[in-house]
Amino acid sequence: RYRQLVEEMQQGAVTVSRSGEIMFANQAFAAMLGLAPIDIFRVPLTRYLAAADAGDATTLLQPHPGKAEVKATLRAPNGKQRPVRIAIHARDIIRRN
């Protein structure tokens, strides 16, 4: 049920790896870029951000406390740009000895 909600919601949602590769994108996010979700699988999220915003987005992926969200400009392959807010929710993996 949760996956269905994420896939059908109107806001864009992505899951990225620690290195910044897109591992999942819902239809709304892909539509903002004019692409299909499969077309952006394993592509760095920063590819779709204005160059000036790439550093802020990369900082969000670091495993230390910091900003939880940034404002950025999403850049589609066709050149269209739109302002977005990128928020992150990170899961900590606990290693047991």
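The rules behind the values
- Residues numbered from 1 in each chain as written.
- Predicted model: local features only at pLDDT ≥ 70, side-chain atom pairs only at ≥ 80, totals over all residues.
- Heavy atoms only, no water.
- Helix = DSSP H or I, 4+ residues; strand = E, 2+ residues; numbered from the N terminus.
- Buried < 20%, exposed > 50% of the residue type's maximum accessible area, 1.4 Å probe, protein only.
- Contact = heavy atoms within 4.5 Å.
- Areas by Shrake-Rupley, 256 points an atom, 1.4 Å probe, with all protein chains shown as cover.
- Core = buried A, V, L, I, M, F, W, Y, C linked by side-chain atoms within 4.5 Å.
- Polar contact = N/O pair within 3.5 Å; in protein donor to acceptor, adjacent residues only side chain to side chain.
- Patch = residues over 30% accessible without salt bridge, like charges linked within 9 Å, V, L, I, M, F, W, Y side chains within 5 Å.
- Salt bridge = Lys/Arg side-chain N within 4 Å of Asp/Glu carboxyl O.

**Q** What should I look at first to understand the overall build of the chain in this one?
**A** A count of helices and strands for the chain gives 3 helices and 4 strands. Ordered by position in the sequence, the α and β elements of the chain form the string α-β-β-α-α-β-β. Relative to its 97 residues, the chain shows a buried fraction of 29%. Summarising the internal contacts of the chain: among those between residues at least 6 apart in sequence, 27% fall at separations of at least 24. Taken as a whole, the chain presents about 7300 Å² of accessible surface, with 52% of it coming from carbon and sulfur.

**Q** Which parts of the structure should I look at to understand the environment of Ala68?
**A** Relative to the helices and strands, Ala68 resides in the loop between helix H3 (51–60) and strand S3 (69–75). With 19 residues separating them along the chain, Ala68 and Ala87 place their C-alpha atoms 5.8 Å apart.

**Q** Would you explain the nonpolar core in this entry?
**A** In summary, soluble globular proteins display a tendency toward joint burial of nonpolar side chains. If you look at the biggest cluster of nonpolar residues, it comprises 18 residues, and the most contacted ones within it are Ile22, Phe29, Leu33, Ile40, Tyr48, Leu74 and Ile86. In contact with Leu33, not counting residues within four places along its chain, are Ile40, Tyr48, Leu74, Arg75, Ala76 and Pro77.

**Q** Sorry if this is basic, but what is going on with unusual backbone geometry here?
**A** If a residue is not glycine, its phi is most likely negative; likewise, a peptide bond is most likely trans. The phi dihedral of Arg42 falls on the positive side, at around 65 degrees, and the residue is not glycine. With respect to the helices, strands and loops of the structure, Arg42 is situated in the loop between helix H2 (27–33) and H3.

**Q** Mind showing me how you'd approach the environment of Asn78 here?
**A** Turning to its location among the elements, Asn78 is positioned in the loop between S3 and strand S4 (81–87). Once the C-alpha coordinates of Asn78 and Gly34 are considered, the two residues, 44 residues apart in sequence, prove to be 7.9 Å apart. Side-chain polar atoms of Asn78 contact the backbone nitrogen of Lys80, separated by 2.9 Å.

**Q** Sorry, what's going on with a nonpolar patch on the surface here?
**A** Residues Met23, Ile38 and Phe41 make up a contiguous nonpolar surface patch of roughly 300 Å² in combined accessible area. Considering the arrangement of structural elements, one finds Ile38 in the loop between H2 and H3. Looking at Ile38, the relative accessible area reads 66%, which means it is exposed.

**Q** How should I be thinking about the pattern of salt bridges in this particular structure?
**A** Oppositely charged side chains are able to pair whenever their charged atoms sit close together. Taken as a whole, this structure holds 1 salt bridge when the rule is applied. Here Arg42 and Glu21 are joined by a salt bridge, their closest N and O atoms 3.4 Å apart. Pair noted here: Arg42 is in the loop between H2 and H3 and Glu21 is in the loop between strand S1 (14–16) and strand S2 (22–25), with a separation of 21 residues, a long-range link. Assessed through its relative accessible area of 24%, Glu21 is described here as partly exposed.

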